[in-house]
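What follows is each chain in one-letter form.
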Amino acid sequence: MDSILRGLVIYFFLLLVFRVSGRRTLSKATTFDLVLLLIISEVTQQAMVDSDHSVTNAVLLILTLVLTSLGLSELKQHFPHFKYLLEGSSVMIVRNGKLLRERMNELRVDEDEILEAARASQGLESFEQIKYAFVEPNGEITLVPQDEEKG
Amino acid sequence: MFFSLILLSAAAGLLGKGPMSKVNAAAPGGILGAEYYRFVHYQEPLELNLSVAANSVTNGFVHLRLGRAFLNEVQIERIDPMPVSETAGPKFINYLIRAEINGSTGIRVHFVPNHFGRLTYEVGLSEGPTLALWHFAFH
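The structure presented is a predicted model; accordingly, all values stated were derived computationally and were not measured. (Residues numbered from 1 in each chain as written. Chains lettered and ligands numbered in written order. Predicted model: local features only at pLDDT ≥ 70, side-chain atom pairs only at ≥ 80, totals over all residues.)

Draft legend 1. Representation of the overall build of chain B in the model. When helices and strands are counted, chain B shows two helices and eleven strands. Taking 139 residues into account, the globule formula puts the C-alpha radius of gyration at 14 Å, and chain B, at 16 Å, falls close to it. For chain B, the proportion of its 139 residues judged to be buried stands at 30%. (Helix = DSSP H or I, 4+ residues; strand = E, 2+ residues; numbered from the N terminus. Rg over C-alpha atoms; globule rule 2.2 N^0.38 Å. Buried ≥ 20, exposed ≤ 12 C-beta atoms within 10 Å, placed from the backbone.)

Next comes the structure, spelled out in structure tokens:
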């Protein structure tokens, strides 16, 4: 019982933390972010296992986490609003080459990151060549290039 | 489905602490009572909560005894209140514990199971009733 409760509390707490801290936290892994993630995982592990190092406890924790994840996936499939609540939706940050600054600030995305994604995914060099750019729920930046004749 | 059943069993207390795992045992007349978990985990810190009725107190002390079977298979972390003295016998270890002035005395035995499977043991009072208890430790 304790194991299941601990697992559920930690799962939903982490879900909330990463939801609130922003989607870019997930994809923009700098050296410090990596260290932060390692610390979080260590603290999480201690909080979940507590002083019970038995195999049964480990099995119950794993089952709790996996089944909770599966349960949420099911809910997301059946209720789109729930999916939006948990993950958010794609947010447009560039429209016809123009930066939507307010949204960029909210999501903590800067111009360099957009250009970096543009170069890497489409081989584009300037904002004028970008028709739309989005920050996806997983934190990645995706782009739609301008039509050939415009670009 | 199978995994859900495992989790439900665990939540109910069949694979560790939980509502169905909690056991209350008492000697006739309520002289000695015990509260503990039936299903536990290997090396999980646990408590055996005992209550001793006021009429079993002799000269301000409770004479508690724990069976060897228990002591051989678990590691006693501490006993609250701390025993004033302990003496070893062939089947039991006797603890002399200062009793509460008014009412029943509550004794907490903090222990860690060092065994797997079922363990049957006895907890009692010298010249008083003895309770036969058992728990099952999962690895």
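What follows picks up the thread again.
Draft legend 2. The environment of Val109(A), seen in detail. Residue and element names in this part refer to chain A. Position of Val109 relative to the elements: it lies in the loop between α6 (101-107) and α7 (111-122). A count of 25 C-beta atoms within 10 Å places Val109 in the buried class. In sequence terms Val109 and Val135 are 26 residues apart; their C-alpha atoms lie 8.7 Å from each other.

Draft legend 3. Seen up close, the environment of Leu99(A). One can find Leu99(A) in strand β2 (residues 98-99). Along the sequence, Leu99(A) and Leu75(A) sit 24 residues apart, while their C-alpha atoms lie 35 Å from each other.

Draft legend 4. View of the interface of chain A and chain B. Facing the 15 residues of chain A at the interface are 18 residues of chain B. Broken down by element, the side of chain A that touches chain B gets its largest block of residues, seven residues, from helix α4 (residues 55-78) of chain A. Classifying every residue of the side of chain A that touches chain B gives six nonpolar, seven polar and two charged. (Contact = placed C-beta atoms within 7 Å. Nonpolar A, V, L, I, M, F, W, Y, C, P; charged D, E, K, R; others polar.)

Draft legend 5. Broad picture of the domain arrangement of chain A. Here chain A is partitioned into domain 1 (2-87) and domain 2 (91-145). The gap between the C-alpha centroids of domain 1 of chain A and domain 2 of chain A is 29 Å. (Domains from an automatic or database assignment.)

Draft legend 6. Region of the structure containing the sheet that holds strand β9 (residues 105-113) of chain B. All names here are of chain B. If you trace the five strands from one edge of the open sheet to the other, you get β1-β2-β4-β9-β6, paired in antiparallel fashion. Each of the sheet's edge strands pairs with one partner strand only, and the pair in question is β1 (22-26) and β6 (74-80). Mean inter-strand twist for the sheet, computed between neighbouring axes without regard to direction, equals 20°. (Pairing = 2+ DSSP bridges. Axes fitted to C-alpha atoms, helices over the stretch in contact; angles between N-to-C directions.)

Draft legend 7. Molecular detail of the pairing of β1(B). Residues and elements named next belong to chain B. By the bridge criterion, five bridges tie β1 to strand β2 (residues 32-37) in an arrangement that is antiparallel. Of the residues in β2, the one forming a bridge with Val23 is Tyr36. A loop of five residues connects β1 with β2, the two strands running antiparallel in sequence, and Gly29 in this loop sits at a positive phi of about 85°.

Draft legend 8. A look at the nonpolar core. Among the nonpolar cores identified, the biggest contains 30 residues, and Leu50(B), Val52(B), Val62(B), Leu64(B), Ile97(B) and Ile107(B) are the most heavily contacted of them. Other than its neighbours up to four places away in sequence, Leu50(B) contacts Leu32(B), Gly33(B), Ala34(B), Ile107(B), Val109(B) and Val123(B). Counting eleven residues, the second-largest nonpolar core is a separate cluster that includes Ala118(A), Ala133(A), Val135(A) and Ile141(A). (Core = buried A, V, L, I, M, F, W, Y, C linked by C-beta atoms within 7 Å.)

Draft legend 9. Summary view of the sheet that holds strand β4 (residues 141-145) of chain A. Residues and elements named next belong to chain A. Read from one edge of the open sheet, four strands run β2-β1-β3-β4, paired in antiparallel fashion. A single partner strand is all that each edge strand has here, and the edge strands are β2 and β4. Helix-sheet contacts for α7 involve β1 (91-95), β2, β3 (130-135) and β4, and the interaxial angle to β4 is about 65°.

Draft legend 10. Up close: unusual backbone geometry. Following Asp80(B), the chain continues into Pro81(B) via a peptide bond in cis, with omega recorded as -10°. Note on placement: Pro81(B) falls in the loop between β6 and β7 (85-88). Non-glycine residue Arg108(A) carries a positive phi angle of around 55°. Within the chain, Asn59(B) stands out as a residue other than glycine whose phi angle is a positive 50°. Residue position: Asn59(B) is located in the loop between β4 (46-52) and β5 (61-67).

Draft legend 11. Just the pairing of β4(B), in detail. Residue and element names in this part refer to chain B. Pairing of β2 with β4, which is carried by four bridges, proceeds in the antiparallel orientation. Within β4, the position partnered with Leu32 by the bridge is Val52. Here β4 runs beside β9; their pairing, made up of seven bridges, is antiparallel. Residue Leu50 lies in a different strand from β9, and its bridge partner there is Ile107.

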